[in-house]
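Geometric and topological summary
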Amino acid sequence: MKFLMAVLCFGIIVVIYFFASTPTSPIIPTTSLEKSICERVSAQFGDCKQILLYDSKSNLVFAENSSGIIPVLTNKGFTDFKKFIYPEMDFQEFSEEKVERGPIDWRVNNKVSKDFSIIYGFAEDDAKTIVINSEGNIQPNRFFVRDNLWVWYITFQKDKVTLPVKVTVYDADGQIIK
């Protein structure tokens, strides 16, 4: 009986040691990355209100300041700032140019880094579905910012996006609105 208890205790100790010594998944230091990015946004653009989205698949962070949204490229480990993606998406510019542009606007930044390009912009609530026809009829990612305003974006693993960008925008009923 004592032998069985000794073996059982030894087994439990081995299991505890095994689990304690097994490496865990790396933790992304979001707080320090968020602070670092906000400091850089503040230094470059005057202020940083918040980080709106982390996209670990494309290593993008979207930061908001009082005038707009700034996409930021991070490293593959998602631990350090690499560069701002210009031009910034400006809130006032978007609201002033509604008649000319329609429910969406976009920017293209070719060769942000080697084999990495991006199309990004603002969309109003009316734009329920966006299709980028010039890039094989793909739909971009999007996230809500506030009051009838969304950010949409898509990244490409290539140096150049097909220009001019051709986009079709659909409303909630599937009708083309642009």
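Before reading on, note that the structure itself is shown above.
Because the structure is predicted, anything quoted here is derived from the model rather than measured. (Residues numbered from 1 in each chain as written. Predicted model: local features only at pLDDT ≥ 70, side-chain atom pairs only at ≥ 80, totals over all residues. Heavy atoms only, no water.)

Considerations on the layout of surface pockets
Let me state the cut-off plainly: Using a grid of 1 Å spacing that covers the protein atoms alone, one calls a set of points a cavity when a 1.4 Å probe fits there but cannot get out, and a pocket when the set is open and has protein on both sides within 12 Å along at least five of seven lines; lining residues are those with an atom within 4 Å of a point. Grid points are joined across faces, edges and corners, and a volume is the space filled by probe spheres set on the points. Residue polarity is assigned by list, with Asp, Glu, Lys and Arg as charged and Ala, Val, Leu, Ile, Met, Phe, Trp, Tyr, Cys and Pro as nonpolar; anything else, Gly included, falls into the polar class.
In this model, the largest pocket occupies a volume close to 220 Å³. For the lining of the largest pocket, the class distribution of residues is 2 nonpolar, 6 polar and 5 charged.

Some points on the environment of Phe84
This is how the line gets drawn: Numbered from the N terminus, helices here are DSSP runs of H or I no shorter than four residues, and strands are runs of E no shorter than two. Each residue is assigned to one of three classes by its accessible area relative to the maximum for its type, calculated with a 1.4 Å probe on protein chains only: buried under 20%, partly exposed between the two thresholds, exposed over 50%. Only heavy atoms matter for contacts: two residues are in contact if any of them lie within 4.5 Å across the pair.
Tracing the backbone through its elements, the reader meets Phe84 in strand E4 (residues 81–84). Classification of Phe84 by relative accessible area gives buried; the value is 11%. For the pair Phe84 and Leu73, spaced 11 residues apart in sequence, the C-alpha separation works out to 6.3 Å. Excluding its chain neighbours within four sequence positions, the residues that come into contact with Phe84 are Arg40, Val41, Gln44, Phe45, Ile70, Pro71 and Val72.

Quick look at the packing of aromatic side chains
Note the following rule: Think of it this way: a Phe, Tyr or Trp ring, Trp meaning its six-membered ring, pairs with another when their centres are within 6.5 Å, and the plane angle makes it stacked under 30 degrees, edge-to-face over 60, tilted otherwise. A ring is scored as having a charge over it whenever the NZ atom of a lysine or the CZ atom of an arginine sits within 6 Å of its centre and within 35 degrees of its normal.
Taken as a whole, this structure holds 10 aromatic pairs when the rule is applied. Ring centres of Phe45 and Phe84 lie 5.2 Å apart, and the angle between their planes is 85°; on these two criteria the pair is classed as edge-to-face. With a gap of 39 residues between them, Phe45 in helix H2 (residues 30–45) and Phe84 in strand E4 connect regions that are remote in the sequence. Between the aromatic rings of Phe62 and Tyr153, the centroid separation amounts to 4.8 Å while the plane-to-plane angle is 45°, which identifies the pairing as tilted. Pair noted here: Phe62 is in strand E2 (residues 60–64) and Tyr153 is in strand E10 (residues 149–156), with a separation of 91 residues, a long-range link. Each member of the pair, Phe62 as well as Tyr153, carries the same accessibility label: buried. Ring pairs connect the aromatic residues Phe45, Phe81, Phe84 and Tyr86, which therefore count as one cluster. Between the NZ or CZ atom of Arg101 and the centre of the ring of Phe94, over which it lies, the distance is 3.5 Å.

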